[in-house]
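Chains, contacts and geometry: an overview
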Amino acid sequence: MKNNIHHSASDRRRFIKGFSFVLGSTAFGLPLLSLSSCQSGGKTDEQSTEEIQAAANSRKLGIALVGLGQYSTEQLAPALQETAHCYLAGIVTGTPSKAEEWKSKYSIPDKNIYNYETFDQIADNPDIDIVYIVLPNSMHAEYTIRAAKAKKHVICEKPMATTVADAQRMLDACRENNVKLAIGYRLHYEPFNKRVMELGQQQVYGKVQSIEAANSQDMTKDSPDVWRLDKELSGGGPLMDVGIYCVQGACYTLGKAPAAVTATFGEVTNQEYFNNGVEQSISWQMEFEDGVIATCRSSYAEEENLLSGKAENGWWKVDPVYAYEGKKGETSEGKMDFPDVYEQALQMDGQAQRFASNQESIVPGEMGLRDMKILEAIYASARSGGKRIMIL
Ligand code: NAD
């Protein structure tokens, strides 16, 4: 993943700076401690300051990371060293050498270290409150359902699943077991993207007229032997992996889901990489009820990273927008200026606070299911040669 920008010595400073920005300023004209309303893109948030405070005062929730690949290693575990409301309590890995390494690096007790066979025993471990699924996409459903049966809250990485049916099973399992399910949509906790939500949803420049979104990462510079290029494990190509951010971006710009989509696969120019059922590139349009069109594209053989919007009286563009840091944005009024924040830390803290006070996440399983329906419709349209598909 080329979005991976390592967090180094400046991380702690950046996080503290970012965190105090969110908590300590009247960001976007919202009152102090309006963290949760910012997070939901300016929508009214039913969680009161008292409830947030109560959660903040309670003990830190223990998170177990499942799958110690690049995202867990380079982003989530370091972020969990900075969080205020949760901490790295346990790990689930199939690789004994990784278990040893993480155990000493993060002081994880043996009793909180699991492999995929012993995973279900996590049910008996009071140190683990939240299981965070960071596995290849097609494994999200199985481990979310197993975690729910173990009566643990779940954070599941994007895409929530590889099919709508799996996403629904995951939601059902969490409901039946009375645990919360959140998706790892970190950008809902990040100031540039939150500003886009506000500009679009609150019609700061009048009614939104059009949206453009692109997220492409060149996979052809690395080995072709990776799970992202294997449809069985990934469920699809760039759309599933990075194009999902464009779907998210269009939806949170407007605060709603599209009514219909049309899509086309791009040409396969690299048979060596794109021979296993995974598209090389795809472009699509999302049609919203009020006639707004989002024009989107995603490729595994290019580099792009943008979200822009045009409204009656102004415009905005953030590029890069989905990367972990270094975001740059401008509007028709001038430069957007926000500090880098440690978005994974803010995300996990936000989700832990919600879980601790028995609230749904601002990025709940239902949002993951909605997005899976959109992704399936986009693929169905592209397979049909561009037929308009209604989102049900
Ligand atoms: P990765 O390949 O680096 O790690 C995957 C992990 O799963 C590895 O530890 C691997 O050992 C383990 N694994 C278990 N069974 C496996 C199998 N059968 N095949 C392959 N690996 C197996 O991947 P990653 O980049 O860490 O991505 C993991 C998940 O996190 C994906 O769902 C991805 O979409 C998501 N992700 C999200 C973000 C974000 O910004 N929210 C960023 C990167 C990745």
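Residues numbered from 1 in each chain as written. Predicted model: local features only at pLDDT ≥ 70, side-chain atom pairs only at ≥ 80, totals over all residues. Heavy atoms only, no water.

With that settled, consider the sheet that holds strand β15 (residues 389-390). Pairing in this open sheet of nine strands is mixed, and the strands run β14-β13-β12-β11-β7-β10-β9-β8-β15 from one edge to the other. Both outer strands of the open sheet, β14 (334-336) and β15, are each paired with one neighbouring strand and no more. Taken together, the eight bridges between strand β7 (residues 208-216) and strand β11 (residues 304-311) define a ladder with antiparallel strand orientation. When the bridges of β11 are listed, E212 appears paired with S308. The strands touched by helix α10 (residues 238-254) are β7, β9 (281-287), β10 (293-299), β11 and β12 (314-318); relative to β7, the strand with the most contacts, the crossing angle is about 160 degrees. (Pairing = 2+ DSSP bridges. Helix = DSSP H or I, 4+ residues; strand = E, 2+ residues; numbered from the N terminus. Contact = heavy atoms within 4.5 Å. Axes fitted to C-alpha atoms, helices over the stretch in contact; angles between N-to-C directions.)

Further remarks concern the site of the ligand. Not every one of the 23 residues close to the ligand is listed here, only the nearest: Q70, N137, K158, R186 and W227. Y71 is positioned with one of its backbone polar atoms (N or O) 3.0 Å from an oxygen atom of the ligand. Within the complex, the protein chains bury 81% of what would otherwise be the 840 Å² of accessible surface of the ligand. Formed jointly, the shell around the ligand draws a minimum of three residues from each of two domains, domain 1 (9-185) and domain 2 (187-339 + 364-390). (Near = heavy atom within 4 Å. Polar contact = N/O pair within 3.5 Å; in protein donor to acceptor, adjacent residues only side chain to side chain. Areas by Shrake-Rupley, 256 points an atom, 1.4 Å probe, with all protein chains shown as cover. Domains from an automatic or database assignment.)

Applying the stated criterion across every chain, the model contains 19 salt bridges. In this structure, R169 and D166 form a salt bridge, with 2.9 Å as the shortest nitrogen-oxygen distance. Of this pair, R169 and D166 both sit in helix α7 (residues 164-176), three residues apart, roughly one helical turn. For D166, a relative accessible area of 17% corresponds to the buried category. The shortest N-O distance in the salt bridge between R228 and D241 comes to 2.9 Å. One end of the pair, R228, is in the loop between β7 and α9 (231-234); the other, D241, is in helix α10, with 13 residues separating them in the sequence. Taken individually, R228 and D241 each receive the classification buried, so the pair is uniform in this respect. (Salt bridge = Lys/Arg side-chain N within 4 Å of Asp/Glu carboxyl O. Buried < 20%, exposed > 50% of the residue type's maximum accessible area, 1.4 Å probe, protein only.)

On to the environment of I282. Considering the arrangement of structural elements, one finds I282 in strand β9. The exposure class of I282 is buried, given its relative accessible area of 2%. Not counting residues within four places of it along the chain, the set of residues in contact with I282 comprises L239, T264, F265, G266, C296, R297, S298, I378, Y379 and A382.

The next point concerns helix α4 (residues 70-79). Counting buried positions along α4 yields seven of 10 residues, so the element is predominantly enclosed. Residues of α4 that are buried: Y71, S72, E74, Q75, L76, A77 and A79.

Below, the discussion takes up empty space enclosed by the protein. By the definition in use, this model includes two cavities of 30 Å³ or more. There is about 40 Å³ of room inside the second largest cavity. Within the lining of the second largest cavity, the residues separate by chemical class into four nonpolar, two polar and one charged. (1 Å grid on protein atoms, 1.4 Å probe; cavity = no way out; pocket = protein on both sides within 12 Å on 5 of 7 lines; lining within 4 Å. Points joined across faces, edges and corners; volume = space filled by probe spheres on them. Nonpolar A, V, L, I, M, F, W, Y, C, P; charged D, E, K, R; others polar.)

Bringing the packing of aromatic side chains into the picture now. Under the counting rule described, the total for this entry stands at 10 aromatic pairs. Taken together, a centroid distance of 5.5 Å and an interplanar angle of 70 degrees make the contact between Y116 and Y143 edge-to-face. Of this pair, Y116 sits in the loop between β3 (113-114) and β4 (130-133) while Y143 sits in helix α6 (residues 140-149); the two residues are 27 residues apart in sequence, bridging distant segments of the chain. Here the aromatic rings of F119 and Y143 are separated by 5.2 Å at their centres, their planes lie at 85 degrees, and the arrangement is edge-to-face. Taken together, the residues span a long stretch of sequence, with F119 in the loop between β3 and β4 and Y143 in helix α6 at a distance of 24 residues. Y143 shares its class with F119; the two are buried. In this structure an aromatic cluster arises from ring pairing among Y116, F119 and Y143. (Phe/Tyr/Trp six-rings, centres within 6.5 Å; stacked < 30°, edge-to-face > 60°.)

Two elements in contact, helix α8 (residues 191-201) and α10, have axes whose closest approach is 6 Å; the angle formed by their N-to-C orientations is 50 degrees. Regarding the angle of α8 to α10, the classification is oblique. Residues N193, V196, M197, G200 and Q201 of α8 form the contact with α10, whose own contacting residues are Y252, T253 and L254. Looking at the contact of α8 with α10 residue by residue, the classes come out as four nonpolar, four polar and no charged. (Parallel < 35°, antiparallel > 145°, perpendicular 65-115°, else oblique.)

The contact between α6 and α7 brings their axes to 9 Å, and the two run at 10 degrees. Put simply, α6 runs roughly parallel to α7. Facing H140, A141, T144, I145 and A148 of α6, the residues of α7 in contact are D166, R169, M170, A173 and C174. Here the residues of the contact of α6 with α7 sort into six nonpolar, two polar and two charged.

Any functional reading would require information beyond the geometric quantities listed.
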